[in-house]
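A look at the structure
Residue strings, one per chain:
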Amino acid sequence: MEEATNMTSINTVYDSIIKHYGWEKYENSKKRLLRKKYAFLQKHLVLCNSKEFVDASGNFPKNMIPICDAPIIRNLLIEAVNDAEEDNLVYEWFNGNVDTDDSLKSILLYAQLQPLIREPEFSDGVDDVTVDEWLNTVAAAINFNTAKKTLELKNNLERFRNNSLALDSNVGFGDVIVNNGNGRRFYGLKGKKNRIDVHGKTVEELLDSVCTQNDYFEILNQMLELFAENAKERVRHNIETYAMAKEVFEAESADDACEHDSIASEYTIWYQRIYEFLIANPEVCQDIEKKAKTTNLADFFKMKDR
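The following paragraphs examine the structure supplied in this document. Throughout this document, residue positions are counted from 1 along each chain, in the order its sequence is written. Local features are withheld for residues below a pLDDT of 70 in this predicted model, meaning they are given only at 70 or higher, and side-chain atom pairs are given and counted only at 80 or more; totals for whole chains, interfaces and linings count all residues. Remark: hydrogens and water are excluded; side-chain values derive from all non-hydrogen atoms of the structure.

**Here we look at the pattern of salt bridges**
The salt bridge definition used is simple: a Lys or Arg side-chain nitrogen within 4 Å of an Asp or Glu carboxyl oxygen. Within the structure shown, the criterion is met by eleven salt bridges. The salt bridge involving Asp 305 is made with Lys 43; its shortest N-O contact spans 3.6 Å. Highlighted residues: Asp 305 in the segment after helix 12 (297-301) and Lys 43 in helix 2 (residues 27-46), separated in sequence by 262 residues. Buried means the residue's accessible area, taken with a 1.4 Å probe over protein chains only, is under 20% of the maximum for its type, while exposed means over 50%, and partly exposed covers the values in between. Residue Lys 43 is classed as partly exposed on the basis of its relative accessible area of 39%. Residue Glu 158 is joined to Arg 161 by a salt bridge in which the shortest nitrogen-to-oxygen separation is 3.4 Å. With Glu 158 and Arg 161 both in helix 7 (residues 144-163) and three residues apart, the pair spans about one turn of that helix. Taking the relative accessible area as the measure of exposure, Glu 158 reaches 43% and is therefore partly exposed. Taking relative accessible area as the criterion, Arg 161 reaches 34% and is therefore assigned partly exposed. Salt bridges sharing partners connect three or more residues here, namely Arg 236, Glu 240, Asp 287 and Lys 291. Helix and strand assignments come from DSSP, with helices taken as H or I runs of at least 4 residues and strands as E runs of at least 2, each series counted from the N terminus.

**With respect to a nonpolar patch on the surface**
Patch building starts from residues that exceed 30% relative accessible area and form no salt bridge, then joins like charges within 9 Å and nonpolar side chains (Val, Leu, Ile, Met, Phe, Trp, Tyr) within 5 Å. Computed with the Shrake-Rupley method and a 1.4 Å probe, the accessible areas treat only the protein chains shown as cover for residues. Side chains of Leu 224, Leu 226 and Phe 227 sit close together on the surface and give an oily, nonpolar patch of about 290 Å² of accessible area. Its location among the elements puts Leu 224 in helix 9 (residues 213-249).

**A look at unusual backbone geometry**
At Asp 87, a position not held by glycine, the phi torsion is positive, near 55°. Here Asp 87 lies in the loop between helix 3 (70-80) and helix 4 (89-94). Of note, Asn 143 is a non-glycine position whose phi angle comes to about 60°, a positive value.

**Points about the packing of aromatic side chains**
Centre distance within 6.5 Å is the pairing criterion for rings of Phe, Tyr and Trp, where only the six-membered ring of Trp is used; planes under 30 degrees apart are then read as stacked, over 60 as edge-to-face, and the remainder as tilted. Under the defined criterion, the tally for this structure stands at 14 aromatic pairs. Taking 5.2 Å as the distance between ring centres and 75° as the angle between the ring planes, the aromatic pair formed by Phe 160 and Tyr 216 counts as edge-to-face. Separated by 56 residues along the polypeptide, Phe 160 in helix 7 and Tyr 216 in helix 9 bring together distant segments of the chain. Among the aromatic residues, ring-to-ring pairing joins Tyr 242, Tyr 267, Trp 270, Tyr 271, Phe 300 and Phe 301 into one connected group. Charge over a ring is defined by NZ of Lys or CZ of Arg lying within 6 Å of the ring centre and within 35 degrees of the ring normal. One residue, Lys 30, lies across the ring of Trp 23, its end atom 4.4 Å from the ring centre.

**Thoughts on the packing of helix 6 (residues 128-141) against helix 10 (residues 266-280)**
Every angle, taken between N-to-C directions, lies between 0 and 180 degrees, and every axis is a line fitted to C-alpha atoms, over only the stretch in contact when it is a helix. Two numbers describe how helix 6 lies on helix 10: the axes approach to 8 Å, and their chain directions differ by 20°. Put simply, helix 6 runs roughly parallel to helix 10. Counted together, Glu 133, Asn 136, Thr 137, Ala 140 and Ala 141 of helix 6 and Glu 266, Ile 269 and Arg 273 of helix 10 form the full contact between these two elements. Our angle categories are set so that under 35 degrees counts as roughly parallel, over 145 as roughly antiparallel, 65 to 115 as roughly perpendicular, and the remainder as oblique. Any two residues whose heavy atoms approach within 4.5 Å at even a single point are treated as in contact.

**Quick notes on the nonpolar core**
Counting residues in hydrophobic clusters, the biggest one holds 62 residues, and the most contacted among them are Trp 134 and Phe 301. The residues contacting Trp 134, other than those within four sequence positions of it, are Leu 41, Leu 45, Val 46, Asp 69, Ile 72, Ile 73, Leu 76, Ile 117, Ser 262, Ile 263 and Ala 264. We call a set of buried residues a nonpolar core when its members are Ala, Val, Leu, Ile, Met, Phe, Trp, Tyr or Cys and they connect through side-chain atoms within 4.5 Å of each other. Core analysis: the second largest hydrophobic core is formed by five residues, Ile 196, Val 198, Val 210 and Ile 219 among them.

Purely geometric numbers; function is a separate question.
As structure tokens, this is what we get:
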């Protein structure tokens, strides 16, 4: 972090917003409101550690922010208190009323946040690096990229379902039915269908083995199971690398090596995701700690509520 010349007080942002809305007569109460919204932004959007932003004397004033972030924070807070606009998802999100696990809501929220972050690049000369950091951080914080791919997958799955309805067959292929002449029937031979196994087969070989819609779904489900296991192993490998570095460099936090010229950092969100993975998979955490000869690995990646 540079000297205090690159820092400004968050109060300058509050003053600008109060002037924007003409709230001068209610300055004290409105500043309390804005402080709450800024605290929400810190906790849920950027997960920043305010102690990283110091003044020239080395103090840790909570009201200091990088100058490059001020116009972006101003735009976000203006919408965070804007209760006059209908369908303002930014306002709703700052009030905790938007479930970003819902793919469509996440996409719609990002669509409203994006122009607020981009606008200062043209009006206030905010550099494109800072803008991109904020966009990447916001996208990660509200699960935007995952939501976009998930919705795309859902749409493709619906298209596949509609195109394959004519293959949705319950016909017992291979069944030999015998009639004993007394009105009773029985199976002379019950047709058996071998279960499709995706392992060791090319896409072309799998498609050649498909007869029904259910066969396609069987392939999809098996592939998703493989993806899940593969992803878990890749995450584990990445964490092992960090765990080794943690001991070598005697780091206290995963983001110790990150530059913090802005309070927004996509790395911070990523590290928090790793923390959540380790908490959800304690056996993986313990195995990595043992292999890397380290301790408190999950807390090393914890970024929220610091």
